[in-house]
Amino acid sequence: TICVDKIAASGGYMMAAVANRIVAAPFSYIGSIGVMASMVNANKAISKLGLEAVELRSGTAKNTLSPFGPVTPAGVDVQQRQLDRVHHAFRSHISRLRPHL
């Protein structure tokens, strides 16, 4: 049994879903199946200040969107596909553990 006092949204709901029963306070918020990612891109500001950011990475899909470099269509595509995979896994997890919903 999982007890929720205020919020079990998104990741909290994903974790709570493994329980055989969820007990929630009267005004708690339960649910929200979704995945998101956001960042501030400081590339132009860094450039205007005359600074240069240096990032070291390995692998072609590692850090495809960086707050220090330009946003590219290829980087956005890689990130969107990763979010879509996680969202599919999230929905499958909930469907398997909470088939009555």
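Refer to the structure presented above.
Residues numbered from 1 in each chain as written. Predicted model: local features only at pLDDT ≥ 70, side-chain atom pairs only at ≥ 80, totals over all residues. Heavy atoms only, no water.

S.K.: Please explain the overall build of the chain as it appears in this structure.
M.R.: If you tally the helices and strands in the chain, you get three helices and four strands. What you see in the chain, going N to C, is helices and strands ordered as β-β-α-β-β-α-α. Expected size for 101 residues packed as a compact globule is a radius of gyration near 13 Å; at 19 Å, the chain overshoots this value by more than 25%. Dimensions along the principal axes, computed over C-alpha positions, put the chain at roughly 55 × 25 × 20 Å. Within the chain, the proportion of its 101 residues that are buried is 19%. A sequence separation of at least 24 residues applies to 47% of the contacts in the chain between residues at least 6 apart. The averaged location of the 5 negative side-chain charges in the chain is 9 Å from the averaged location of its 11 positive side-chain charges. (Helix = DSSP H or I, 4+ residues; strand = E, 2+ residues; numbered from the N terminus. Rg over C-alpha atoms; globule rule 2.2 N^0.38 Å. Buried < 20%, exposed > 50% of the residue type's maximum accessible area, 1.4 Å probe, protein only. Contact = heavy atoms within 4.5 Å. Lys, Arg positive; Asp, Glu negative; His and termini not counted. Charge placed at Lys NZ, Arg CZ, Asp CG, Glu CD.)

S.K.: Looking at this structure, how should I read the environment of Ala-42?
M.R.: As for its placement among the helices and strands, Ala-42 is situated in the loop between strand S4 (29-31) and helix H2 (43-48). The exposure class assigned to Ala-42 is partly exposed, which follows from its relative accessible area of 24%.

S.K.: What is the right way to read helix H3 (residues 73-97) from this model?
M.R.: Side chains three or four residues apart in an α-helix point the same way, a direct result of the helix having 3.6 residues per turn. The terminal C-alpha atoms of H3, which comprises 25 residues, lie 36 Å apart, in line with the 36 Å expected from a rise of 1.5 Å per residue. Here H3 has its buried residues at Gly-75, Val-78, Leu-83, Phe-90, His-93 and Ile-94. Turning to H3, the residues buried within the fold contact helix H1 (11-16). (Expected span 1.5 Å × (residues − 1).)

S.K.: Quick question: what am I supposed to make of the environment of Gly-75 here?
M.R.: Tracing the sequence through the fold places Gly-75 in helix H3. Under the relative-accessibility criterion, Gly-75 is labelled buried at 3%. Gly-75 sits 28 residues away from Ser-47 along the chain, and the two C-alpha atoms are 20 Å apart. With residues up to four places along the chain from it excluded, the contact list for Gly-75 reads Thr-64 and Leu-65.

S.K.: Got a minute to help me understand the side chain of Ser-28 in this structure?
M.R.: Mapped onto the elements of the fold, Ser-28 is located in the loop between strand S3 (22-24) and S4. In terms of polar contacts, Ser-28 uses its side chain to reach the backbone carbonyl oxygen of Ala-25, at 2.8 Å. (Polar contact = N/O pair within 3.5 Å; in protein donor to acceptor, adjacent residues only side chain to side chain.)

S.K.: Is there a simple way to explain the pattern of salt bridges in this structure?
M.R.: Two side chains with opposite charge may pair up if their charged atoms get near one another. A complete count under the given rule lists three salt bridges for this structure. Across the salt bridge formed by Asp-5 and Lys-6, the nearest N and O atoms sit 3.7 Å from each other. For Asp-5, a relative accessible area of 55% puts it in the exposed group. Between Asp-77 and Arg-81 there is a salt bridge; the shortest N-O distance is 3.1 Å. With Asp-77 and Arg-81 both in helix H3 and four residues apart, this pair spans about one turn of that helix. By relative accessible area, which is 41% here, Asp-77 ends up partly exposed. Accessibility expressed as a relative area gives 42% for Arg-81, which makes it partly exposed. (Salt bridge = Lys/Arg side-chain N within 4 Å of Asp/Glu carboxyl O.)

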